[in-house]
Amino acid sequence: EYADNANNVTLPIEGSLPQWLKGSYFVGGPHRLTVGETKVTHYLDGLGKIHKFHFGEGSLSWTSKDFTGQIDNASSSLGKYAPSVIFQETSPPRCTGTVC
């Protein structure tokens, strides 16, 4: 888990990059796998983060930013994962009986 966002961090390159490789590559994934005592049990249930890798003239940089939305904000307010659609239940379960 990355706790912080990155802003245009220069990454080391071993060898060389092809001259034609220029532009940005974006990939999304989880960043927060726990909220309070609640932990997700499926990797794709983590709260989101987007990563950008930028290829320039023989250089590579990385920027990342957390997604913030209703689930992220509600989870932070509750101190546990908020009720939502997920792949697998959290540990410990978010809901007990009919109460979430």
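Residues numbered from 1 in each chain as written. Predicted model: local features only at pLDDT ≥ 70, side-chain atom pairs only at ≥ 80, totals over all residues. Heavy atoms only, no water.

Draft legend 1. Layout of the pattern of salt bridges. Within the structure shown, the criterion is met by 3 salt bridges. Between Glu-57 and Lys-22 there is a salt bridge whose closest N-O contact spans 3.4 Å. Within this pair, whereas Glu-57 is found in the loop between β5 (47-55) and β6 (60-66), its partner Lys-22 is found in the loop between β1 (9-10) and β2 (23-32), the two being separated by 35 residues in sequence. One salt bridge in this structure joins Asp-72 and Arg-32, with 3.1 Å as the shortest N-O distance. Of this pair, Asp-72 sits in helix α1 (residues 70-78) while Arg-32 sits in strand β2, placing them 40 residues apart in sequence. Judged by its relative accessible area of 22%, Arg-32 falls in the partly exposed class. (Salt bridge = Lys/Arg side-chain N within 4 Å of Asp/Glu carboxyl O. Helix = DSSP H or I, 4+ residues; strand = E, 2+ residues; numbered from the N terminus. Buried < 20%, exposed > 50% of the residue type's maximum accessible area, 1.4 Å probe, protein only.)

Draft legend 2. The arrangement of the sheet that holds β1 in detail. Spatial ordering of the open sheet is given by β1-β6-β5-β2, a layout of 4 strands whose pairing is antiparallel. Because the sheet does not close on itself, it has two edges, and the strands there are β1 and β2. Pairing geometry for β2 and β5, over 9 bridges, is antiparallel. Paired with Tyr-25 across the bridge in β5 is Phe-53. (Pairing = 2+ DSSP bridges.)

Draft legend 3. Local environment of the pairing of β6. Summarising burial for β6: 5 of the 7 residues are buried, a large majority. In terms of strand pairing, β5 meets β6 through 7 bridges, oriented antiparallel. Across the sheet, the residue bridging to Phe-53 is Trp-62, located in β6. Following β5, the chain reverses through 4 residues before pairing antiparallel with β6; Gly-58 in that reversal takes a positive phi of roughly 70°.

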